[in-house]
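Structural characterization, general
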Amino acid sequence: MASASSMLISYTPPSRSPNPRHFPVGRRRLAVSCASTSDPAPTNHSPPATATATIHNIRDEARRHRQAHAFSAKYVPFGCDFTASESYSLDEIVYRSRSGGLLDVQHDMDALKKFDGAYWKNLFDSRVGKTTWPYGSGVWSKKEWVLPEIDSDHIVSAFEGNSNLFWAERFGKHFLGMDDLWVKHCGISHTGSFKDLGMTVLVSQVNRLCKMDRPVVGVGCASTGDTSAALSAYCAAAGIPSIVFLPADKISMAQLVQPIANGAFVLSIDTDFDGCMKLIREVTAELPIYLANSLNSLRLEGQKTAAIEILQQFDWEVPDWVIVPGGNLGNIYAFYKGFKMCHELGLVDRIPRLVCAQAANANPLYLYYKAGWKDFKAVKANNTFASAIQIGDPVSIDRAVYALQKSDGIVEEATEEELMDAMAQADSTGMFICPHTGVALTALIKLRNSGVIAPTDRTVVVSTAHGLKFTQSKIEYHSKAIPDMACQYANPPMQVKADFGSVMDVLQDYLKKY
Ligand SMILES: Cc1ncc(COP(=O)(O)O)c(C=O)c1O
Ligand SMILES: N[C@@H](CCOP(=O)(O)O)C(=O)O
């Protein structure tokens, strides 16, 4: 794993004062909103200064086609039934229920059910591949199921989603004897991870709150890299300040440079992710900084669209298995929720079985599952090449257990050697995946070898980040530079003298294999 310290040492955060959004030290509550700042930076909701009323762009077109509807959503305590008395408007700034539990976004299902499954399938299908604002986004093409009440003008989007559902033909056939294996490449995305799906929703809602003069002066998160990259990019696009807490020396260089480049206020903190998470929760309880981690259930509304998209890409046929790498554990629940909504609203007749895959070095969910869901214990997460899931005390543990129980799910784990080998095997078939996807592929390999997943089962592995964010781990593997690891699929370059004879010798040797 690359050390981030050298980069941070030479990094000086941009000067931030005097600025009305600058956070004063202390416990005073601020009542300044983003909308009331004098920041001249354009937001992505205002046309450029040169624009005229006659400009034709995709947002103008969206305004002309705005439709009235009666869909709505609200926060309710997680796991409560439809009649819960405790609920909150999505325009409130609230992350926890009165009893301290998690929240969930609950849609008015009766209103959505006024339209049948065929209606929704046609509507969603009609929006794929278009530039119509905001439906060209894979997330906002499902706007009615995500944030039905937000004004399209307030949406901050990079047209995320619509990611490749890749037929992993060679990997499936060659390594597993499977011919219906698919990889959902959620990491081939704007900032290189699935976090974009949730962040477009969260930052859009913050943008709306700012326009409503709500007391939000910035958005903050703790991160193992990907959440901070997505947060800083979407905030930068909207002209909203972002603040990110990163565990020092525990994220890849490619991830670290993303929030720096996007102008976030980056704190490199001498702790692990769980320590950063604790701090951001304390800070956001005191300062008007909106919390962007998946503790905030808004994020999951965007992330769930990847599940809907998988069904859509299979022409609304349901796969048998979906395997998701898990860390803070919001995403496994988001997948469940997406599948469940499609089932409940009549688009499909069942949901897939879910598998959550963890690194053995950071496996609190796996241990809990193996203990028959008795007596959850957070763990101290050890270093793992799957650094984005190096999390010992996941905030969404209850959501994950719920999703797995309701989907007849399974939890698996991967050692460092297993995940790195799986990543190398996948790469050798033309992919370029991240170590977290290596964790998910290891789960697949284990479940296939034990016969739980049959060779003919249609299986989707969710790839969560772009491999280019994790090149250092690949370099170490292919250099066979990892202590106590055989690196059996390493493919190091061969050093050759610059003369014809030497080059011919090595080529002839190489070609003997074929
Ligand atoms: C690349 C990557 N994969 C998987 C995960 C796990 O997602 P979750 O935290 O929602 O379980 C994360 C973040 O935690 C991630 O950044
Ligand atoms: N892998 C995540 C960890 C935080 O997860 P979140 O979904 O709760 O934001 C990251 O990239 O930071």
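So, a few notes on the structure that sits alongside this text. (Residues numbered from 1 in each chain as written. Chains lettered and ligands numbered in written order. Predicted model: local features only at pLDDT ≥ 70, side-chain atom pairs only at ≥ 80, totals over all residues. Heavy atoms only, no water.)

**What to know about the packing of aromatic side chains**
Geometrically, a pair of aromatic rings is defined through the distance of the ring centres and the angle of the planes. Short version of the rule: Pairs were defined over the aromatic rings of Phe, Tyr and Trp, the Trp ring being its six-membered one, requiring ring centres within 6.5 Å. Orientation was assigned from the angle between planes: stacked under 30 degrees, edge-to-face over 60, tilted for the rest. Working definition: helices are DSSP H or I runs of at least four residues, strands are E runs of at least two. Numbering for both runs from the N terminus. Exposed residues in this analysis have more than 50% of their type's maximum accessible area, buried residues have under 20%, and partly exposed residues fall in between, with area computed by a 1.4 Å probe over protein chains only. Counting as a charge over the ring demands two things of the Lys NZ or Arg CZ atom: a distance within 6 Å of the ring centre and an angle within 35 degrees of the ring normal.
Going through the model one piece at a time under the given rule, you end up with 23 aromatic pairs. With a centroid separation of 5.0 Å and 75° between ring planes, the pair formed by Phe124 and Trp145 is classed as edge-to-face. Of this pair, Phe124 sits in helix H4 (residues 117-127) while Trp145 sits in helix H5 (residues 143-146), and the two are 21 residues apart along the sequence. With a relative accessible area of 0%, Phe124 lands in the buried category. Ring pairs connect the aromatic residues Phe71, Phe115, Tyr119, Trp120, Phe124 and Trp145, which therefore count as one cluster. In this structure, Arg127 packs its charged tip against the face of Tyr135, placed 3.8 Å from the ring centre. Over the ring of Phe432 we find Lys474, and its NZ or CZ is 4.3 Å from the ring centre.

**Describing the state of the cysteines**
Defined as follows: Counting rule for disulfides: a pair of cysteine sulfur atoms within 2.5 Å.
Summed over all chains, the structure comprises zero disulfides. The thiol of Cys186 is unpaired, and the distance to the nearest cysteine sulfur, on Cys434, comes to 10 Å. Unpaired in terms of disulfides, Cys276 finds its nearest cysteine sulfur in Cys221, a separation of 9.5 Å. Residue Cys276 is classed as buried on the basis of its relative accessible area, which comes to 0%.

**Some words on the site of ligand 1**
Note the following rule: We call a residue near a molecule or strand as soon as one heavy atom of that residue lies within 4 Å of the molecule or strand. Identification of polar contacts relies on pairs of N or O atoms within 3.5 Å, with a donor-acceptor requirement for protein atoms, meaning one able to donate a hydrogen and the other able to accept it, and with residues adjacent in sequence counted only if both atoms are side-chain atoms. Using a 1.4 Å probe, accessible areas were evaluated by the Shrake-Rupley method; residue-level cover was limited to the displayed protein chains. Polar here means any residue other than Ala, Val, Leu, Ile, Met, Phe, Trp, Tyr, Cys and Pro, which are nonpolar, and Asp, Glu, Lys and Arg, which are charged; Gly is therefore polar.
Taken together, 15 residues are adjacent to ligand 1, and Asp226, Gly327, Asn328, Leu329 and Thr464 come closest. Contact between ligand 1 and Asn328: an oxygen atom at 2.7 Å from a main-chain N or O atom of the residue. Protein contact buries 98% of the 380 Å² of open area that ligand 1 shows by itself. Grouping the constituent residues of the shell around ligand 1 by class yields six nonpolar, seven polar and two charged.

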